[in-house]
Amino acid sequence: MGRVQDRCAIVTGGARGMGTAHVRTLVEEGAKVVIADVLVDEGETLADELGARAVFAELDVRKPAQWSSVVEQARDFGGEVSILVNNAGITRFTPLDQITLTDWDEVLDINLTGTFLGIQAVAPSMRAAGGGAIINVSSMGGMMAIHPSWAYTASKWAVRGLTKVAAIDLGAHGIRVNSIHPGYISTPMLAGADERALTADLALPRVGTADEVAQMVLYLAADATYSTGSEFAIDGGIRAGISAGS
């Protein structure tokens, strides 16, 4: 038996990057997973590859009506939802005098409002299931500033606060809500970056893998039964400090 055997999960942004690793890991551990994304071709291809324990659902996380539809599809596919991974997110690196309100709103709408709408949409199903786990993917940018990513940093700090409110609200129903804070992870979001330069001063001087983040997601979904409203960093020690050299 897997660690999340026969539980029903939704993973947003599940068609590529870290989301795909979360989907694969949950499926391998026995869950029935809805891959929720705007990337239809990639999502359907992944679902076909994974077989009977995965299905694709088109989802723009900014749309409440689409959230309702995805939750109903999940319930039909795997029963009441007991795992939600709010993984969908975007970033922008823009100097202060070049940021437009449209850019600002898009980042916050996807990263923050999308996360809130996911919590709101799955809560009734999780109550009916008798409990569950919500894992909100924040960032090291939710624990420290990433410059000049103004909207991204603001949204990921806000996800931390949202996580704590949700943990208090839903804890009596057996629903745990935690945030994870990845650092430099090898995903399309890091494409083109000088990975060696980025990580030279880290305690663990390398880029992390999506599979390593997925193991954190699995732990929070399956095993962390007395953890809620908490932050879990997976960042190579970036906030531990830097070495002054020998």
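Residues numbered from 1 in each chain as written. Predicted model: local features only at pLDDT ≥ 70, side-chain atom pairs only at ≥ 80, totals over all residues. Heavy atoms only, no water.

It is worth spelling out the packing of helix α1 (residues 17-28) against helix α2 (residues 40-50) at this point. At a minimum axis separation of 12 Å, α1 and α2 run at an interaxial angle of 20°. The angle between the axes of α1 and α2 places the two elements in the roughly parallel class. Viewed along their axes, α1 and α2 form a crossing whose handedness is right-handed. Between α1 and α2, the residues in contact are Thr20, Val23, Arg24 and Val27 and Leu46, Glu49 and Leu50, respectively. (Axes fitted to C-alpha atoms, helices over the stretch in contact; angles between N-to-C directions. Helix = DSSP H or I, 4+ residues; strand = E, 2+ residues; numbered from the N terminus. Parallel < 35°, antiparallel > 145°, perpendicular 65-115°, else oblique. Left-handed = near helix turned anticlockwise from the far one by under 90°. Contact = heavy atoms within 4.5 Å.)

Bringing the packing of aromatic side chains into the picture now. Tallying each qualifying case throughout the model produces 1 aromatic pair. With a centroid separation of 6.5 Å and 65° between ring planes, the pair formed by Tyr219 and Phe232 is classed as edge-to-face. Here Tyr219, found in helix α7 (residues 210-222), pairs with Phe232, found in strand β7 (residues 231-234); they are 13 residues apart in sequence, far enough to count as distant. Against the face of Trp157 rests Arg160, its NZ or CZ located 5.1 Å from the ring centre. (Phe/Tyr/Trp six-rings, centres within 6.5 Å; stacked < 30°, edge-to-face > 60°. Lys NZ or Arg CZ within 6 Å of the ring centre and 35° of its normal.)

Of the volumes computed, that of the largest pocket is approximately 920 Å³. Taken together, 38 residues form the lining of the largest pocket, with Asn87, Gly89, Ile90, Thr91 and Met189 sitting closest to its centre. Looking at the lining of the largest pocket, the elements that each hand over two or more residues are α1, β2 (32-37), α4 (101-129) and α5 (150-170). The element that contributes the greatest number of residues to the lining of the largest pocket is α1, accounting for 3 residues. When grouped by side-chain class, the residues that make up the lining of the largest pocket number 22 nonpolar, 10 polar and 6 charged. (1 Å grid on protein atoms, 1.4 Å probe; cavity = no way out; pocket = protein on both sides within 12 Å on 5 of 7 lines; lining within 4 Å. Points joined across faces, edges and corners; volume = space filled by probe spheres on them. Nonpolar A, V, L, I, M, F, W, Y, C, P; charged D, E, K, R; others polar.)

With that settled, consider a negative patch on the surface. On the surface, a cluster of negative charge is made up of Asp41, Glu42, Glu44, Asp48 and Glu58. Looking at which element gives the most residues to the negative patch, the answer is α2, with 4 residues. Mapped onto the elements of the fold, Glu42 is located in helix α2. (Patch = residues over 30% accessible without salt bridge, like charges linked within 9 Å, V, L, I, M, F, W, Y side chains within 5 Å. Areas by Shrake-Rupley, 256 points an atom, 1.4 Å probe, with all protein chains shown as cover. Salt bridge = Lys/Arg side-chain N within 4 Å of Asp/Glu carboxyl O. Lys, Arg positive; Asp, Glu negative; His and termini not counted. Charge placed at Lys NZ, Arg CZ, Asp CG, Glu CD.)

Turning our attention to empty space enclosed by the protein. Under the defined criterion, the tally for this structure stands at 1 cavity of 30 Å³ or more. Here the largest cavity defines a volume of roughly 60 Å³. Contributing to the lining of the largest cavity are Arg92, Thr94, Ile99, Asp103, Trp104, Pro148, Trp150 and Ala151. Going through the elements one at a time, α4 and α5 are the ones with two or more residues in the lining of the largest cavity.

Here the focus is the sheet that holds strand β1 (residues 8-12). One open sheet holds the 7 strands; their spatial order is β3-β2-β1-β4-β5-β6-β7, and the pairing between them is parallel. Sheet topology places β3 (54-58) and β7 at the edges, where each strand pairs with a single neighbour. This sheet shows a mean twist of 20° between the axes of neighbouring strands, independent of strand direction. Note: β1 against β2, 5 bridges, orientation parallel. For Ala9, the partnering residue across the bridge sits in β2 and is Val33. In the packing of α1 onto the sheet, contacts are made with β1, β2, β3, β4 (81-86), β5 (132-137) and β6 (175-182), and the angle to β1 comes to roughly 170°. Sheet contacts for α4: β1, β4, β5 and β6; angle to β4, the most-contacted strand, approximately 165°. (Pairing = 2+ DSSP bridges.)

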